[in-house]
Amino acid sequence: MSSSSLTSHNNKHHSTRLHATATATAVAVPSNLSRQNLATSTSAPSISIRHITPTVKVRKQPKSALANMWREIQGASDWANLMEPLHPLLRAEIIRYGELVTACYKAFDLDPRSKRYLNCKFGKSRMMEETGLGHSGYTVTKYIYATPDIDMPTCCSRWIGYVAVTTDEKEIKRLGRRDIIVSFRGTVTSAEWVANFMSSLTPARFDPHNDRPDVKVESGFLSLYTSDDSSAKFTTGSCRNQLLSEIGRLINKYKDEEISITLAGHSMGSSLATLLGYDLAELGLNRDASGRKIPITVYSFAGPRVGNLGFKERCEELGVKVLRVVNVNDPVTKLPGVFLNENFRSLGERFELPWSCSCYTHVGVELALNFFKMNNPACVHDLEAYLGLLKCPAQMAKIKTEGEDIFTKLKDFISKQGLDNAWRFEAAALQLGNLVQSLNI
């Protein structure tokens, strides 16, 4: 091979090799190696290779959409601009908390032959898995029992719900905080139904330093919340004491973290959730290590009225947020105070009537659903029916009822009658009682 051919061959060889490595390395040519030496040298040149480690910018994992706005979803601004139309994140959270309440019904043992009759079927470590919520990220920490103070032979402590806390790190990150949840089932036993219909207002008196006689709640719900059953098989102390003790323990355990307290219940359970929310806030137990308020949110499904105007105003003053999910055809949401309620406190919105302090009043913001089935009237109060409608936004927008709002119809009838026609008023009240009983809800 001639000298010119060899030079051409070597240049081609080096050019190819340098090109192939250019994308991965930087090549440094020594200063004493001239271009001519490279061209005429018959031996491989001495080339040093310096590897340059590329700088890689590590991006932080972006927060989930919920983590960015969880306070708004929990009602920090009273759900402003989230209700009409219903925000998809809020919808998802309502359904999620509703399913945590549904777990109470799935776990409640109604078999009289069972050793766990009227208690939870499963141990705390298995409950979430057994009820289909093993993926929820929550761990059950305590079961809650309650008994109404009613003179009945079958009146004793019953399993009413549970306390749980998020322990899965991925779920904590998705939520944007560690969530303490208390979930309550609705009415099942006859003693609980009697408590529901006691229908008399009495001062709550939760704060030992201030009786606040103007803050009144329904006596049956208060009885269920505060009564103690010394013969209880699985626990001791009232429902109230069990809850305050366990929530206080969890707050202290996670006091240096971002925490939320969420209380969810169906029917009677929503009343207990509302009472607990007020109790925690009134006693000032919702504080973290730095003294900041821990937000308290109540998700009430098909809940009745709990107290009077004084109770409502005090809840608002304390910052307890209540989102009431109601079916306009559900009679339980009209109780107690079918006739003495927030709609009958004043005359022409100008003059307050003498009985206004004895009127029951709903607390919080209402999300109204509208469904009714003639062939299954009990569905108007069924939690699964509530959640089923929420899971189908298109159906929710287009739904048409098969009947009218029965209570609006009844109220219109009463308003057209003279107050001197007492028998008509009494007959309407009896019709209402018969209706609730016939619906078996």
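- Within an unreviewed UniProt entry, the label attached to the protein reads Phospholipase A1 EG1, chloroplastic/mitochondrial, and the organism entered is Rhynchospora pubera.
- Database annotation for the protein, UniProt heading Catalytic activity (unreviewed entry): "a 1,2-diacyl-sn-glycero-3-phosphocholine + H2O = a 2-acyl-sn-glycero-3-phosphocholine + a fatty acid + H(+)".
- Under the Sequence similarities (unreviewed entry) heading, UniProt states for the protein: "Belongs to the AB hydrolase superfamily. Lipase family."

1. Quick word on the sheet that holds strand 15 (residues 365–369)
Then, number 1: As summarised here, the arrangement of the seven strands in space is 3-4-5-8-9-11-15, forming an open sheet in which the pairing is mixed. The strands lining the two open edges of the sheet, one partner per strand, are strand 3 (138–146) and strand 15. Strand-to-strand, the axes of this sheet are offset by a mean angle of 15 degrees, without reference to chain direction.
Then, number 2: In terms of strand pairing, strand 11 (residues 321–327) meets strand 15 through five bridges, oriented parallel. Looking across to strand 15, one finds that N327 is bridged to L369.
Then, number 3: Along the sheet face, helix 4 (residues 88–107) touches strand 3, strand 4 (158–166), strand 5 (178–184), strand 8 (259–266), strand 9 (296–301), strand 11 and strand 15 and points at about 50 degrees away from the line of strand 5.

2. Some remarks on the confidence of the model for the protein
Then, number 1: Per-chain confidence: the protein averages 78 in pLDDT, with 64% of residues scoring 70 or above.
Then, number 2: Long-range and interchain partners of residues 6–49, a stretch whose pLDDT sits below 50, account for 25 contacts in this model, where long-range means more than four residues apart.
Then, number 3: Low pLDDT, under 50, characterises residues 416–441; the predicted model gives this stretch 28 contacts beyond four residues in sequence or across chains.

3. A look at the environment of T333
Then, number 1: Within the fold, T333 resides in the loop between strand 11 and strand 12 (346–347).
Then, number 2: Each C-alpha atom of the pair T333 and P304 lies 4.4 Å from the other, and the pair is 29 residues apart in sequence.
Then, number 3: Beyond its immediate sequence surroundings of up to four residues, T333 is in contact with A302, G303, P304, V326, N327, H362 and Y386.
Then, number 4: At 2.7 Å, the side chain of T333 and the backbone oxygen of D330 are in polar contact.

What counts, and at which threshold
- Residues numbered from 1 in each chain as written.
- Predicted model: local features only at pLDDT ≥ 70, side-chain atom pairs only at ≥ 80, totals over all residues.
- Heavy atoms only, no water.
- UniProt positions renumbered as here; feature names shortened; annotations may be inferred.
- Pairing = 2+ DSSP bridges.
- Helix = DSSP H or I, 4+ residues; strand = E, 2+ residues; numbered from the N terminus.
- Axes fitted to C-alpha atoms, helices over the stretch in contact; angles between N-to-C directions.
- Contact = heavy atoms within 4.5 Å.
- pLDDT = per-residue confidence, 0-100.
- Polar contact = N/O pair within 3.5 Å; in protein donor to acceptor, adjacent residues only side chain to side chain.

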